[in-house]
Amino acid sequence: MESTNHGEGPVAASKRRYIPLNDVLPPLETLVVAIEGSVDPDGVCCLSIPNRVLGDWANNREKNTSFVALANEYIVDEANTLNPEAARLEDLLYRKSLGVVSKVRAARGVNRKNALLRSTTITILNGETISAADLQSELNEVTYMNEEADAFIDGLQEEVQDLKDALSEAQDSQNNPGGKIDAVSNRHARRKIQEVSEHANKALEFLSTYGLVAESLKVHTTSGKTFYIPFSDDAASENEDTVDLRVLYILDRYGVSDAFYHELAMLFSELPRSRAVKKARTDFNHTMQLTRIPGHEGAYRSFERSLCEQLSTMIAQDATSFQPNQKIKVRISGDGAKFSRTSSFVLLSYAILMPVGRYLSGIGNHTIAVVKGAEDYDTISTAFAATFQEIDGLQQLGFVAVNGVSYNIELFFSSDMKFMLTMLGLNAANSIYACPKCTVHRDCRWDVSKPESYYSTTMARTLVTLRRAFASHGRTAAVHQGSVNRPLTAIPVDHMMIDELHLFLRIFDVMLRNLIKMSEPHTQQLEAYIRSCGVSFNIWECESSDGKVEWTSLTGEAKKKVLKLLPSKMKDIPLPNAFLDDVVQLWKDFEVLYNLLSSETPPPNAADDLHLKAKRWIQLFLRIKSDGHQKKFVTPYFHVMVYHVPDAIRQYGNIKQFSCQGVEKHNNDSKRNYFSSNRWDAPAEIMLAEHRLELLQQYAREKRHYTKHAAAYWHEGGMQETRSQMRETLKY
């Protein structure tokens, strides 16, 4: 079957002219892309690209290769290259290459050849080229950065090597080359502990990344010995000469002996060394100027300087309570104290009568002089002469300067009856004229028929009358009226205040003595009822005297408790029925009187009310027909309560502010300081210990508040019953 030839036959096909493009076109690698001069006003130059090159880019370009990068490979101009970030140029090259491919595919023969031989011109705008200088600068910068990176890497490698060497060295140094701590001397042990502290501190440096700070490390040896290793700079034991001031405060506050603390510090290495404690104590002592008393075993300090220091501290705490134009009341007190069987001391102290001064506590009373000796006129007048002279100077001046500001002061003196009579140069409290405020005769103290102002006008004592009466000494008692010595200070007599605490104590003693006498021979029942008030109390018969009894000396708080609770139990005490009701009423009325005169905020009519009630109370006292209730037992305190305390309340608002309650507590603190001293210079040691406590008061622990809920235990004899059971148990 013949085949049919459509179109040209074999002969025609052999006669056809076929021109291979590769033979007529130059090789692709010989083509170049040229950057020519600008042909557009907005352009800087033109890019001439052979169409064959564009077509090759369109067909053979790799996926992630840009047209601008391909063009830069063909550009022979070393002065300029295309900017790789020129987005417009990239898009334009892409579209131009696609256009060339379309034209070449549509053309045939010579037309196709001509299309491939042509070039496409593209305008290049500002910023789409990069000069060779810019490229060189960028290359230099990259080269410099590379060199710096290489140098940094080399440095890091050296540091890493150094750290490796240091770590290896540290690991070698941490090994203990010598014996164990238990097997070396104390000095070598302390050195080894210091090495352990350094190594441990380095090992725990990572704690700072957690916001934590290591203060100390507590370690034990195999034998059980404990070591305290501090880390922080302010640790108490990091420097053996450094002392935590809280430790020093506790040692002084509770009278801990140096020997005891030394043994304790040897057991617990975290405590400051005893020698460091002694050094710190000495440093504090040097901040106080003490003067020895000539001819006596005693010491004193400047009253004015101490007063200014205390006022400065109080003003810093509460400046609103201290105004330059107001008068600041300062109470001076004196008291004798028996610290041991053979040692008696006389102390002068003062307190600032402001709420911030805490004058009713021991810490609010400040010693200005201490002397070892008897509480008599000769000792007080000679030992405290310099202090009295300074007090008189301030009394006359009337003000002190604190931080450049003058503050008016008003001086008062308060003490028990014995010391006050000594200060005024008067005779003893059992003398004929024993009242410090007036010249009432001993036989007239019971007479309460006189008006209140009777003894405070014509019969009142003043410094002038006291000095005049002393000048007449040697005549009869009616002339000198008890003035056997010259008054020791210039403080006016109306500023010599009666101590409400001693007034209460001495009157209570009279009432208790009379009650014990009336209860004979049933004193055991009275003893049981007093114990049921929650106090420890005993009555016993003296072996040295026939039939004479003695009893427990109660504290002030115990006496207040008995005064409150005993009257309700007196109905069951076997007392004579003739005056049982009067005795019960006497005790109840005295409680009312004491609450009134000891109130810090008495009512407006307290002075008049106290005078009337005190008169009735003395009348009731004398109405009881029993031994101990006669007129001769009306002591000066009875008379003062009726005629002089109301006047003091009327003038100064209350007499609680002049109470020696704080003085008694201060004496107890001084007694403790005495027993913790070396006894070689006890007066100075007492004052220095008090001075240190004043400076270290800020380190005192604030005690938690405790509320006494069980009233039956605390106030109704429950505590006393518990203690009695304990005593009975100990007998077995």
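Residues numbered from 1 in each chain as written. Predicted model: local features only at pLDDT ≥ 70, side-chain atom pairs only at ≥ 80, totals over all residues. Heavy atoms only, no water.

> Looking at this structure, I do not really get the overall build of the protein. What am I missing?
Across its full length, the protein carries 28 helices and 17 strands. When burial is assessed residue by residue, the protein has 42% of its 732 residues classed as buried. Considering only residue pairs separated by 6 or more positions, the protein has 67% of its internal contacts joining residues 24 or more positions apart. (Helix = DSSP H or I, 4+ residues; strand = E, 2+ residues; numbered from the N terminus. Buried < 20%, exposed > 50% of the residue type's maximum accessible area, 1.4 Å probe, protein only. Contact = heavy atoms within 4.5 Å.)

> What should I look at first to understand the nonpolar core in this one?
Nonpolar side chains in soluble globular proteins generally cluster together in the buried interior. Core analysis: the biggest nonpolar cluster contains 119 residues, and Phe303, Phe384, Trp587 and Trp617 have the highest contact counts within it. When residues of this core are assigned to their parent elements, the largest contribution, twelve residues, is made by helix H18 (residues 500-519). Apart from residues lying up to four places away in sequence, Trp587 is in contact with Phe508, Met511, Leu512, Leu515, Val562, Leu563, Leu566, Pro567 and Met570. Listed in part, the 25 residues of the second largest apolar core include Ala71, Leu82, Leu93 and Leu116. (Core = buried A, V, L, I, M, F, W, Y, C linked by side-chain atoms within 4.5 Å.)

> For this particular structure, what's the right way to read the packing of aromatic side chains?
In this description, an aromatic ring pair is defined by two values, namely the gap between the centres and the angle between the planes. The tally for this structure, following the rule as stated, stands at 22 aromatic pairs. Feature note: the residues Phe504, Phe508, Trp587, Phe590, Tyr594, Trp617, Phe621 and Phe638 constitute an aromatic cluster, connected by ring pairs. Looking at Lys450, its charged tip hangs above the ring of Tyr454, at a distance of 5.6 Å from the centre. Geometry around Trp446 places Lys631 over its ring, the cationic atom sitting 3.7 Å from the centre. (Phe/Tyr/Trp six-rings, centres within 6.5 Å; stacked < 30°, edge-to-face > 60°. Lys NZ or Arg CZ within 6 Å of the ring centre and 35° of its normal.)

> It is not clear to me how empty space enclosed by the protein should be interpreted in this structure. Could you clarify?
Any space left empty among the atoms is revealed by the rolling of a water-sized probe across them. Evaluated as defined, the whole model comprises two cavities of 30 Å³ or more. When its volume is computed, the largest cavity comes out at roughly 40 Å³. If you trace the largest cavity, you find it lined by Lys437, Met496, Met497, Ile498, His644, Val645, Ala648 and Ile655. Those elements that place two or more of their residues in the lining of the largest cavity are strand E15 (496-498) and helix H24 (645-652). For the lining of the largest cavity, the leading source of residues is E15, giving three residues. Of the residues assigned to the lining of the largest cavity, the class counts are six nonpolar, one polar and one charged. Of the pockets and cavities examined, the second largest cavity occupies roughly 30 Å³. (1 Å grid on protein atoms, 1.4 Å probe; cavity = no way out; pocket = protein on both sides within 12 Å on 5 of 7 lines; lining within 4 Å. Points joined across faces, edges and corners; volume = space filled by probe spheres on them. Nonpolar A, V, L, I, M, F, W, Y, C, P; charged D, E, K, R; others polar.)

> How should I be thinking about the side chain of Thr489 in this particular structure?
Structurally, Thr489 is set in the loop between helix H17 (477-480) and E15. A distance of 3.5 Å separates a polar side-chain atom of Thr489 from the backbone nitrogen of Ile491. Apart from the residues within four sequence positions on either side, Thr489 is in contact with Phe388, Asp392, Met423, Leu463, Arg467 and Met496. (Polar contact = N/O pair within 3.5 Å; in protein donor to acceptor, adjacent residues only side chain to side chain.)

> So what exactly am I meant to see when it comes to the pattern of salt bridges here?
Pairing between side chains of opposite charge can happen when their charged atoms approach one another. Inspection of the entire model under this criterion finds 24 salt bridges. Between Glu128 and Arg88 there is a salt bridge whose closest N-O contact spans 2.8 Å. Of the two residues, Glu128 sits in the loop between strand E4 (119-125) and strand E5 (129-131) while Arg88 sits in helix H5 (residues 87-106), which places them 40 residues apart along the sequence. Residues Lys656 and Glu500 are paired through a salt bridge, measuring 3.2 Å at the closest nitrogen-oxygen approach. Residue Lys656 is found in the loop between H24 and helix H25 (661-675), and its partner Glu500 is found in helix H18; the two are separated by 156 residues along the sequence. For the pair Lys656 and Glu500, one class covers both residues: buried. Where salt bridges share partners, they join Glu452, Asp608, Asp647 and Arg650 into one cluster. (Salt bridge = Lys/Arg side-chain N within 4 Å of Asp/Glu carboxyl O.)

> Would you take a moment to explain the pairing of strand E14 (residues 405-415) for this structure?
The side chains of a regular strand alternate, residue by residue, between the two faces of the sheet. Within E14, eight of the eleven residues are buried, which leaves the element mostly enclosed by the surrounding structure. Where strand E10 (residues 327-338) meets E14, seven bridges bridge the pair, whose relative direction is parallel. Its bridge partner lying in E14, Val330 is registered against Leu411. Bridge count between strand E13 (residues 399-402) and E14: four bridges; the pairing is antiparallel. Note that in E14 the partner of Val402 across the bridge is Val405. Hairpin connection, E13 to E14: the antiparallel pair is bridged by two residues, and Asn403 has positive phi, about 55°. The pairing of E14 with E15 spans three bridges and is classified as parallel. Bridge assignment links Ser415 to a residue of E15, and that residue is Ile498. (Pairing = 2+ DSSP bridges.)

> What exactly am I supposed to notice about the packing of helix H22 (residues 606-623) against helix H23 (residues 636-643) here?
Any two packed helices are characterised by how steeply their axes cross, that is the angle between the axes, and by the distance between the axes. Two elements in contact, H22 and H23, have axes separated by 7 Å at closest approach and are oriented at 145°. Taking contact as the criterion, the partners of Leu610, His611, Ala614, Lys615, Trp617, Ile618 and Phe621 in H22 are, on H23, Phe638, Met641, Val642 and Tyr643. Partitioned by chemical class, the residues of the contact of H22 with H23 number nine nonpolar, one polar and one charged. (Axes fitted to C-alpha atoms, helices over the stretch in contact; angles between N-to-C directions.)

> Would you explain unusual backbone geometry in this entry?
Residues other than glycine predominantly adopt negative phi, and peptide bonds predominantly adopt the trans conformation. Phi at Asn403 is positive, roughly 55°, even though this residue is not glycine. One can find Asn403 in the loop between E13 and E14. The exposure class of Asn403 is exposed, given its relative accessible area of 64%.

> When you look at the side chain of Arg301 in this model, what are you seeing that I'm missing?
With respect to the element layout, Arg301 can be found in the loop between strand E9 (298-300) and helix H12 (303-317). Beyond its immediate stretch of four places on either side in the chain, Arg301 contacts Met288, Gln289, Leu290, Ser306, His366, Thr367, Ile368, Glu390, Met687, Glu690, His691 and Glu694.

> Even after reading the chapter, I still don't get the packing of helix H9 (residues 245-253) against helix H11 (residues 274-285), so can you show me in this structure?
Orientation of H9 relative to H11, taken along the N-to-C sense of each, is 80°, at an axis distance of 11 Å. For the element pair H9 / H11, the angle class is roughly perpendicular. Across the interface between the two elements, Leu245, Leu248, Leu251 and Asp252 of H9 pack against Val277, Ala280, Arg281 and Phe284 of H11. Among the residues making up the contact of H9 with H11, the classes are represented as six nonpolar, no polar and two charged. (Parallel < 35°, antiparallel > 145°, perpendicular 65-115°, else oblique.)

> What's the story with the confidence of the model for the protein in this structure? I'm lost.
Interpreting fine coordinate detail is not advised for predicted regions of low pLDDT. In this model, the protein carries a mean pLDDT of 83, and residues with pLDDT of at least 70 account for 87%. Mean pLDDT values over the elements of the protein span from 37, in helix H1 (residues 10-15), up to 95, in helix H14 (residues 385-397). Scored below 50 in pLDDT, residues 1-23 shows seven contacts in the model against residues more than four places distant or in partner chains. Below pLDDT 50 for its whole length, residues 234-239 participates in 13 contacts with residues either more than four positions away or in separate chains. (pLDDT = per-residue confidence, 0-100.)

> Mind showing me how you'd approach the environment of Lys564 here?
Structurally, the position occupied by Lys564 is in helix H20 (residues 556-565). Overall, the relative accessible area of 57% leaves Lys564 in the exposed class. A C-alpha to C-alpha distance of 6.9 Å links Lys564 and Glu591, two positions 27 residues apart in sequence.

> What is the right way to read helix H26 (residues 682-695) from this model?
The α-helix advances 3.6 residues per turn, and as a result positions three or four apart in sequence lie on the same side. For H26, built from 14 residues, the straight-helix expectation of 20 Å at 1.5 Å per residue is met to within 8% by its first-to-last C-alpha distance of 20 Å. Within H26, twelve of the 14 residues are buried, which leaves it mostly tucked inside the rest of the structure. (Expected span 1.5 Å × (residues − 1).)

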